[in-house]
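# Structural overview
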Amino acid sequence: MERVIIHVDMDYFYAAIEEREDPTLKGKAVVVCMYSNRGESGGAVSTSNYIARDAGIRSAMPCKLAKSKKPDAVFLPVRKAFYEEVSASVMEILRSNADSEEAFEKISIDEAFLEITESCNCDYDLAKEIGLRIKEEVKSQERITCSVGIGPNKLIAKMASSFRKPDGITVIRPEETEDFLKPMPVKKLWGIGKVTEDKLAEMGITTVEELAAFDVMELISVFGKNKGMWLKGAASGQDDSPVKERTASDQIGRMASLKNDSRNENMIFSLLDELMDDVIGKVKKRKVSFRSVTVTVIFSNFKTSTKSKTFNHAVSDREILTENAVELMKQFLEESTINFRRIGVRVGNLQESTGQKSLFDF
Ligand code: DCP
Ligand code: MG
Ligand code: MG
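Being a predicted model, the structure only gives us computed values, none of them experimental.

## Structural notes on the overall build of the protein chain
- Scanning the protein chain from N- to C-terminus turns up 14 helices and 13 strands.
- Taken against the 2.2 N^0.38 rule, which gives 21 Å for 362 residues, the C-alpha radius of gyration of the protein chain at 23 Å falls within 12% of a compact globule.
- Each of the three principal axes of the protein chain carries a C-alpha extent, and together these read 70 × 55 × 35 Å.
- Out of the 362 residues belonging to the protein chain, those deemed buried represent 51%.
- Of the contacts formed within the protein chain by residues at least 6 apart in sequence, a portion of 65% connects residues at least 24 apart.
- Entry remark: accessible area of the protein chain is about 17300 Å², with carbon and sulfur atoms responsible for 50%.
- Across the protein chain, the centroid of the 53 positively charged side chains sits 5 Å from that of the 57 negatively charged ones.

Here it is as structure tokens:
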């Protein structure tokens, strides 16, 4: 069956979020570092923006080396919990553009597959419009950019999204896959790691075209049956793996900025109310219930803090969400003195709620 798959990958994700949160970073090289317990002298680069990449900075490079390459770059520590929140909001946008709630697969904090075979009726012009709409929604709602790849299967979609970055869109129609793949080095084939790349190099194979032309029996003799056949198929752009959610347990969240940094309760609670409307709408649409509520506050000094509450049973009621989120937000207001910049609410520990009663039904 012919399929149309989209792969979306956020651009310089952690650094893009930091740029968004702090407009003074604009135009500067930004490096997000994972510091080790040896403090700032240890640690590796998590990611960096494209200005930093121009100076030769790469993910996984020691932060010290990054600093020597670009002494005037801004180095920031990883704020993983916060990036997870932004990820949850982005994933909801992506999921809402898939053929169905199930035709969605998150594969990392910043990327996902969605199937749009039905929505575009296998028309690649329509598929591109859907891709452009997704980019627009992510940009307007989350103020960060992503790159989109569209193709007849996950392998091609995944490779297409990294073809033009940042803020790119690449559409590969079935009849174009061969030409698209041919000139690529084998290491670009999604699924080929360093070890395989080296083995292939020993066999004189460096491009996908060479791999596709290689005798499958010889590949099997070196890599075994499964991998040998997979290599041959992948090199010709074949991939039958379905788009399928891996974990049912997930989270649904939304964040937004206050109009200006403030501790004004009316302003904070009315924004919280809007965010909860959005979250509960998605909870109903996905027919799930949740066992935890989390509220996040980003303060005017960019410090991020979260508070959660977990229940012993799953619920899906707006009333319970409101009660708990408001209580957590009140605690934030009591404990802090600085202005709030951005707030978020999310529900987690999701489970299918088919046939499940709401608390008010008992
Ligand atoms: N990440 C990390 N350590 C790595 C690679 C990535 O902590 N060695 C984190 C930071 C990235 C995020 O995962 O922002 C997503 O990884 P990507 O590979 O998608 O890289 P980016 O989104 O940062 O950049 P690109 O624009 O190339 O996608
Ligand atoms: Mg990315
Ligand atoms: Mg990624």
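## Observations regarding the coordination of the magnesium ion (ligand 2)
- Coordination of the magnesium ion (ligand 2) by the protein comes from Asp-9 (OD), Met-10 (O) and Asp-110 (OD), over a distance range of 2.0 to 2.2 Å.
- Around the magnesium ion (ligand 2), the six donor atoms sit at angles spanning 78 to 175°, and that spread fits a shape best called octahedral.
- When the donors of the magnesium ion (ligand 2) are listed by position in the chain, the intervening gaps give D-M-x99-D.
- Taken as an interatomic distance, the gap from the magnesium ion (ligand 2) to the magnesium ion (ligand 3) is 3.4 Å; Asp-9 donates to each of them. Of the two residues, Asp-9 and Met-10, both sit in the buried class.

## Quick notes on the coordination of the magnesium ion (ligand 3)
- The magnesium ion (ligand 3) binds to the protein through Asp-9 (OD), Asp-110 (OD) and Glu-111 (OE); the donor distances cover 2.2 to 2.3 Å.
- Donor residues for the magnesium ion (ligand 3), ordered by position in the chain, follow D-x100-D-E.

## Details of the site of ligand 1
- The local shell around ligand 1 holds 13 residues, among which Tyr-12, Ser-46, Thr-47, Tyr-50 and Arg-53 are the closest.
- For ligand 1, an oxygen atom lies 2.7 Å from a polar atom in the backbone of Tyr-12.
- In this structure, an oxygen atom belonging to ligand 1 sits 2.5 Å away from a side-chain N or O atom of Ser-46.
- When the free accessible area of ligand 1 is taken as 560 Å², the share hidden by the protein chains comes to 70%.
- For the shell around ligand 1, the elements supplying multiple residues, two or more each, are β1 (5-10), α1 (13-21), β3 (39-48) and α2 (50-54).
- Partitioning the shell around ligand 1 into residue classes produces five nonpolar, three polar and five charged.

## Here's the deal with the UniProt feature "active site" (unreviewed entry) in the protein chain
- Mapped onto this structure's residue numbering, the UniProt feature "active site" (unreviewed entry) falls at Glu-111.
- Structurally, Glu-111 is set in strand β6 (residues 111-115).
- The residues contacting Glu-111, other than those within four sequence positions of it, are His-7, Val-8, Asp-9, Met-91, Glu-105, Lys-106 and Lys-158.
- Reaching out from Glu-111, the side chain makes a polar contact with the side chain of His-7 at a distance of 3.0 Å.

## Some remarks on unusual backbone geometry
- Of the consecutive residues Lys-165 and Pro-166, the connecting peptide bond is found in the cis state with omega at -5°.
- Positionally, Pro-166 belongs in the loop between α7 (154-161) and β8 (169-171).
- Despite not being glycine, Asp-167 has its phi angle at roughly 55°, a positive value.
- Assignment of secondary structure puts Asp-167 in the loop between α7 and β8.
- The class for Asp-167 is partly exposed, based on a relative accessible area of 33%.

## Topic: the UniProt feature "binding site: Mg(2+)" (unreviewed entry) in the protein chain
- In the numbering adopted here, UniProt assigns the feature "binding site: Mg(2+)" (unreviewed entry) to Asp-9 and Asp-110. A maximum C-alpha distance of 5.7 Å is found for the annotated residues, which run over 102 residues; spatially they form one tight group.
- Following the sequence through the fold, Asp-9 ends up in strand β1.
- Every residue in contact with Asp-9, bar those within four places of it in the chain, is listed here: Asp-110, Glu-111, Cys-146, Ser-147, Ser-161 and Lys-165.
- Following the sequence through the fold, Asp-110 ends up in the loop between β5 (104-108) and β6.

## Some thoughts on the pairing of strand β10 (residues 288-299)
- Taken across its 12 residues, β10 has 11 buried, putting it largely inside the fold.
- For β10 and strand β13 (residues 351-352), the ladder comprises two bridges, and the chain directions are antiparallel. Among the inter-strand pairings, Val-288 is bridged to a residue of β13, identified as Glu-352.
- For β10 and strand β11 (residues 304-315), the ladder comprises eight bridges, and the chain directions are antiparallel. Bridging from a neighbouring strand, Phe-290 pairs with Val-315 of β11.
- Where β10 folds back onto β11 in an antiparallel hairpin, the turn is made up of four residues, including Phe-302, whose phi is positive at roughly 75°.
- In this sheet, strand β12 (residues 340-348) lies alongside β10 in antiparallel orientation, the contact comprising eight bridges. Bridge pairing in β12 links Ile-298 to Arg-342.

The rules behind each value
Residues numbered from 1 in each chain as written. Chains lettered and ligands numbered in written order. Predicted model: local features only at pLDDT ≥ 70, side-chain atom pairs only at ≥ 80, totals over all residues. Heavy atoms only, no water. Helix = DSSP H or I, 4+ residues; strand = E, 2+ residues; numbered from the N terminus. Rg over C-alpha atoms; globule rule 2.2 N^0.38 Å. Buried < 20%, exposed > 50% of the residue type's maximum accessible area, 1.4 Å probe, protein only. Contact = heavy atoms within 4.5 Å. Areas by Shrake-Rupley, 256 points an atom, 1.4 Å probe, with all protein chains shown as cover. Lys, Arg positive; Asp, Glu negative; His and termini not counted. Charge placed at Lys NZ, Arg CZ, Asp CG, Glu CD. Donors = N, O, S within 2.8 Å, 3.2 Å for Na, K, Ca; no water. Tetrahedral: all angles 85-135°; square planar, octahedral: opposite > 155°, others 65-115°. Near = heavy atom within 4 Å. Polar contact = N/O pair within 3.5 Å; in protein donor to acceptor, adjacent residues only side chain to side chain. Nonpolar A, V, L, I, M, F, W, Y, C, P; charged D, E, K, R; others polar. UniProt positions renumbered as here; feature names shortened; annotations may be inferred. Pairing = 2+ DSSP bridges.

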